[in-house]
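Each chain, written out:
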Amino acid sequence: MMSRQIKDNIIKALIYAASAFSVVILVIIIGFVLIKGIPRIDMDFLTNSYEDKTTYVTVGEVTAAEAEIEDSKCISETLGVVLSVGEEGLVIEKIEKDSLLKNGVDGTGAVYGLKKDDIITRLGSYNVERELRNGVAPEEVLEESAKAIGDNTGAMKIKVVRKGGGIVTMVVTTIYMIGLSLVIAGPVGILAAVYLNEYARKGKMMTLIHFAIENLAGIPSIIYGLFGSLVFVQMLKMQYSILAGALTVSIILLPTIITTTEETLKTIPKTYRESSLGLGATKLQTITRVVLPNAISGILVAILLSIGRIVGESAALLLTAGTVAQIPSRLFGNSASGATLTIKAYMLMKEENDLTTACAIGVILLLIVIVINVSSKLVTKYFLNNKGEKA
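Notes on the structure in this doc start here. Note on numbering: residues in each chain are counted from 1, in written sequence order. Local features in this predicted model are restricted to residues of pLDDT 70 or higher, and side-chain atom pairs are both shown and tallied only at a pLDDT of 80 or more, whereas totals for entire chains, interfaces and linings draw on every residue. Side-chain descriptors were evaluated using all non-hydrogen atoms of the structure, hydrogens and water having been removed beforehand.

1. Focus on the overall build of the protein
Then step 1. Numbering of helices and strands runs from the N terminus, with a helix taken as a DSSP run of H or I at least four residues long and a strand as a DSSP run of E at least two residues long. Helix and strand counts for the protein come out as 15 helices and six strands.
Then step 2. The reference for a compact globule is 2.2 Å times residues^0.38; the radius of gyration itself is calculated from the C-alpha atoms. What you see for the protein is a C-alpha radius of gyration of 30 Å, clearly larger than the 21 Å of a compact globule of 391 residues, by over 25%.
Then step 3. Relative accessibility decides the category of a residue: with a 1.4 Å probe and only protein chains considered, values under 20% of the type maximum give buried, values over 50% give exposed, and everything between is partly exposed. Burial statistics for the protein: of 391 residues in total, 40% are counted as buried.
Then step 4. We call two residues in contact whenever any of their non-hydrogen atoms come within 4.5 Å of each other. Intrachain contacts of the protein at a sequence separation of at least 6 include 74% that bridge at least 24 residues.
Then step 5. A 1.4 Å probe and the Shrake-Rupley method give the accessible areas. Residues count as covered only by the protein chains that appear here. Roughly 22000 Å² of accessible area belongs to the protein as shown, and the carbon and sulfur atoms make up 62% of that amount.

See the structure below:
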């Protein structure tokens, strides 16, 4: 009796130790990412593009008749902007709401309003960047900039550099990848699950199909990436593109969607189907109007889990979607590649050894995963409560 109690206590202690170890490891990993990443996150990080953007902006007439511009104070009064001299040019420290620089237009004629932290490297004919490289004193640069504005006789062209370092391009690319992948994999996976549960007969073929689905779920994503690179990127000549990446990721998602949807369909009582058929409905009508509506909670959970898989995917997309930090303008071909958040985090560590920015992206990914997990639980709880009320 004592020996059995000792064994039970040992097993219980091992269970507690394993649970505590898992929690500690999770806390360490999340804590490390948060400590390193949170200080890097600010509004510019969330809203700026990753690469610096250089734009020529034309502003309305700024003439000496409007103000006798001779120094930085007059620049502030006339342009409604406070400037300081940085390493590359004049840095906008503050800009008023009614500043003339808020109404500039770029080369396409679109409004391109300057904002805080933008860098002005050229004012009309005065090349600020070149003067700073030549070692001209900051005070002299401000004085010459004031003269350049004062000597202007019409619309003035300004060269502006907007610093990058943000993740907005990767966020947009990730959203594109999620939407396109689900549009491809969702209908295919759901229809495949309906066939397997509602139409297919049990036998060797059914066993073979389930065996194939299970093996697809266990294949490393790098293998999918190699397949996508060979078939979609090279053979179908899609090049590195968001479409090639989405098609590859869709194949990865199919086992999750098929399995989860099929298991949900199995939970729908047979009496639902029998009652519908007994009232004269066809099999297809029974599936579309009775079975699928009652299985919607499981299908939504499958979709949410798939979103988490897309967000966390890197190896397959690295070989198919590319690593350029830009928003794809096409589905395939030139200018169609784009890096998702996970790919950029990987590239930051591999090429730039920028742990801080990589961890900041990790914080954003953690938030996305938490939102997905909470959403899946809320969806399940919502539909369970509705079923309980109907019952």
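2. Examining the nonpolar core
Then step 1. The nonpolar core is taken to be a set of buried Ala, Val, Leu, Ile, Met, Phe, Trp, Tyr and Cys residues, with the residues joined through side-chain atoms within 4.5 Å. Ranked by size, the top nonpolar core spans 55 residues in total, and within it Ile167, Met177, Leu253, Ile307, Ile310, Leu341 and Ile361 carry the most contacts.
Then step 2. Every element with two or more residues in this core is listed here: α6 (168-199), α7 (204-218), α8 (221-235), α9 (242-266), α11 (283-294), α12 (296-312), α14 (341-352) and α15 (355-390).
Then step 3. Look past the residues within four positions of Ile167 in its chain and what remains in contact with it is Phe45, Leu46, Asn48, Leu341, Ile361 and Ile364.

3. Describing α8
Then step 1. Any helix carries an expected span of 1.5 Å times its number of residues minus one. Its 15 residues give α8 an end-to-end C-alpha distance of 20 Å, which sits within 8% of 21 Å, the value for a rise of 1.5 Å per residue.
Then step 2. On its buried face, α8 sits against α7, α9, α12 and α13 (315-318).
Then step 3. Where α8 terminates, the next one or two residues include Lys237, which has phi positive at roughly 55°.

4. Considerations on α9
Then step 1. For α9, spanning 25 residues, the distance from its first C-alpha to its last is 35 Å, which sits close to the expected 36 Å at 1.5 Å a residue.
Then step 2. Bend is computed residue by residue as the angle between axes fitted to the seven residues ending at the residue and the seven residues starting at it. Along α9, the sharpest change in direction is near 40° and occurs at Leu253; proline Pro255 comes one to four residues later.
Then step 3. Of all 25 residues that make up α9, 18 are buried, and the element is covered over most of its length.

5. Some thoughts on the pairing of strand β3 (residues 90-95)
Then step 1. In this scheme, strands are said to pair when DSSP sees at least two bridges between them. Taken together, the five bridges between strand β2 (residues 81-85) and β3 define a ladder with antiparallel strand orientation. Directly across from Ser84, in β3, lies its bridge partner Val91.
Then step 2. With antiparallel pairing between neighbouring strands as the criterion, β2 and β3 make up a hairpin whose turn holds four residues.
Then step 3. As paired elements, β3 and strand β4 (residues 119-123) share two bridges and run antiparallel to each other. Its bridge partner being in β4, Val91 is matched across the sheet by Ile119.

6. Some words on the packing of α7 against α9
Then step 1. Between the N-to-C directions of two axes lies an angle of 0 to 180 degrees, each axis being a line fitted to C-alpha atoms and, for a helix, fitted only over the stretch in contact. The contact between α7 and α9 brings their axes to 9 Å, and the two run at 130°. On the basis of their axis angle, the class for α7 and α9 is oblique. Crossing hand, α7 versus α9: left-handed. Across the interface between the two elements, Met206, His210, Ile213, Leu216 and Ala217 from α7 touch Pro255, Ile258, Thr259 and Glu262 from α9.
Then step 2. Classification used: nonpolar for Ala, Val, Leu, Ile, Met, Phe, Trp, Tyr, Cys and Pro, charged for Asp, Glu, Lys and Arg, polar for all others including Gly. Split into classes, the residues belonging to the contact of α7 with α9 amount to six nonpolar, two polar and one charged. Angle categories are assigned with fixed cut-offs, so that under 35 degrees is roughly parallel, over 145 is roughly antiparallel, 65 to 115 is roughly perpendicular, and the rest are oblique. Crossing handedness: left-handed means the near helix sits turned counterclockwise from the far one by under a right angle, and right-handed means the same turn made clockwise.

7. Details of the pattern of salt bridges
Then step 1. Between Lys or Arg on one side and Asp or Glu on the other, a salt bridge is scored when a side-chain nitrogen of the former is within 4 Å of a carboxyl oxygen of the latter. Counted according to the given criterion, the structure contains nine salt bridges.
Then step 2. Glu263 is paired through a salt bridge with Lys266; the nearest N and O atoms lie 3.6 Å apart. A residue pair is termed a helical-turn pair when its members lie 3 or 4 positions apart in one helix, as Glu263 and Lys266 do in helix α9 at three residues.
Then step 3. Residue class for Glu263 comes out partly exposed when judged on its relative accessible area of 43%.
Then step 4. In the salt-bridge network here, residues are joined through shared partners; they are Asp52, Glu88 and Lys163.

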